[in-house]
Amino acid sequence: MLWRNPKDWKWKWLSWQVLAPLLGPIVVSFLVALLWESGQPSFHMNMKVIVDVTPWALTFFTMALIGSGFNDLWSDLAQRQATAAFLVVDAVAVLIYASFIVIWRHNDKFEPGTNVYVLTLILLGASILVCHEAAKV
């Protein structure tokens, strides 16, 4: 698990399954906007737009991560029942939370507050932990 010594973490998995999908679009968008700004003096980069990561987007990412966790775990399911159970509980929790977000978004004035971001990040963090354990790497 991730709370072990960082030397024991699955760094390749963390890099390609978590860091690249989360930070890659932000870094590329920043670089492209910076290049665009260099040739268009009237354009001014807005970092709030570049780093606009919504709870909805993070929830979709979390579900994709859980899907990869199930894929990694599937061939060893019988031998790794505890991890499989945690992955199922995690998936159910994230799906229910996604349903709440869908309902909240029906209100045109809905703006996700701090509590929504905190819960989204908690669910993402839990998913990273469980999927890290499920990863074969």
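Let us look at the structure shown here. In this text, all values refer to a predicted model and were calculated from it rather than measured experimentally.

Structural notes on the overall build of the protein chain
In terms of regular secondary structure, the protein chain is built from five helices and zero strands. Starting at the N terminus, the α and β elements of the protein chain follow one another as α-α-α-α-α. The C-alpha atoms of the protein chain give 18 Å as radius of gyration, which overshoots the globular expectation for 137 residues (14 Å, by more than 25%). The principal-axis extent of the C-alpha atoms belonging to the protein chain is close to 60 × 40 × 25 Å. Counting all 137 residues of the protein chain, 30% fall into the buried class. Nonlocal contacts in the protein chain, meaning residues at least 24 apart in sequence, comprise 73% of its contacts between residues at least 6 apart. In the form shown here, the protein chain has an accessible surface area of approximately 9,100 Å², with 69% of it arising from carbon and sulfur atoms.

Brief notes about the packing of helix α1 (residues 11–39) against helix α3 (residues 55–73)
At a minimum axis distance of 11 Å, the contact between α1 and α3 shows a crossing angle of 160°. On the basis of the axis angle, α1 is roughly antiparallel to α3. Of the two elements, α1 crosses α3, and the hand of that crossing is right-handed. Between α1 and α3, the contacting residues are W13, Q17, V18, P21 and L22 on the first element and L58, F61, L65, S68 and D72 on the second. Classifying every residue of the contact of α1 with α3 by side-chain character gives seven nonpolar, two polar and one charged.

So, the environment of L58
Among the secondary structure elements, L58 is positioned in helix α3. Given the relative accessible area of 8%, L58 is considered buried. A sequence separation of 17 residues divides L58 from P41, and the C-alpha atoms of the two residues are 33 Å apart.

Conventions adopted
Residues numbered from 1 in each chain as written. Predicted model: local features only at pLDDT ≥ 70, side-chain atom pairs only at ≥ 80, totals over all residues. Heavy atoms only, no water. Helix = DSSP H or I, 4+ residues; strand = E, 2+ residues; numbered from the N terminus. Rg over C-alpha atoms; globule rule 2.2 N^0.38 Å. Buried < 20%, exposed > 50% of the residue type's maximum accessible area, 1.4 Å probe, protein only. Contact = heavy atoms within 4.5 Å. Areas by Shrake-Rupley, 256 points an atom, 1.4 Å probe, with all protein chains shown as cover. Axes fitted to C-alpha atoms, helices over the stretch in contact; angles between N-to-C directions. Parallel < 35°, antiparallel > 145°, perpendicular 65-115°, else oblique. Left-handed = near helix turned anticlockwise from the far one by under 90°. Nonpolar A, V, L, I, M, F, W, Y, C, P; charged D, E, K, R; others polar.

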